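# A look at the structure
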Amino acid sequence: MKYCENCGKSLKEGQKYCENCGTATESNRETFNRIKRAENLNKRKK
Ligand SMILES: [Zn+2]
């Protein structure tokens, strides 16, 4: 079982956000960072 990095609440499989504090779960943050990185690359090109 996974736990929230912020508050330590147990997270269900596939849960994208902690239902207690709203922090993005680890897997969701990876996706978020990937999108952020892509956005930064696009900005640099322009
Ligand atoms: Zn939490």
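Just above sits the structure.
How each quantity is defined
- One numbering rule holds for all chains: residues counted from 1, following each sequence as written.
- For this predicted model, a pLDDT threshold of at least 70 governs which residues receive local features, and a threshold of 80 or more governs which side-chain atom pairs are given and counted, while totals over whole chains, interfaces and linings are taken from all residues.
- Only runs of H or I of at least four residues qualify as helices and only runs of E of at least two qualify as strands under DSSP, and these elements are numbered from the N terminus.
- Partly exposed residues are those whose C-beta has more than 12 but fewer than 20 other C-beta atoms within 10 Å; with 20 or more the residue is buried, with 12 or fewer it is exposed, and the C-beta atoms are placed from the backbone.
- Once C-beta atoms are placed from the backbone, any two residues with those atoms within 7 Å are in contact.

## A short note on the overall build of the chain
On a plain count of helices and strands, the chain comes out with one helix and two strands. Each helix and strand of the chain, ordered N terminal to C terminal, gives the series β-β-α. Along the three orthogonal principal directions, the C-alpha set of the chain runs to about 40 × 15 × 10 Å. Buried positions account for 7% of the 46 residues belonging to the chain. Long-range pairs, those at least 24 residues apart, make up 3% of the contacts in the chain between residues at least 6 apart in sequence.

## Comments concerning the environment of Arg29
Inspection of the secondary structure assignment puts Arg29 in helix H1 (residues 26–45). Exposure remark for Arg29: the 14 C-beta atoms within 10 Å place this residue in the partly exposed category. Distance from Arg29 to Asn40, taken between C-alpha atoms, is 16 Å for residues 11 residues apart in sequence.

## Remarks on the environment of Cys18
Relative to the elements of secondary structure, Cys18 occurs in the loop between strand E2 (10–11) and H1. Residues Cys18 and Asn6, 12 residues apart in the sequence, show an inter-C-alpha distance of 8.8 Å. With near-sequence residues (within four places) excluded, Cys18 lies in contact with Cys4, Asn6, Cys7, Lys9, Leu11, Thr23 and Thr25.

## Description of the environment of Lys45
With respect to the element layout, Lys45 can be found in helix H1. Taking the C-alpha atoms as reference points, Lys45 and Phe32, 13 residues apart in sequence, are found 20 Å from one another.

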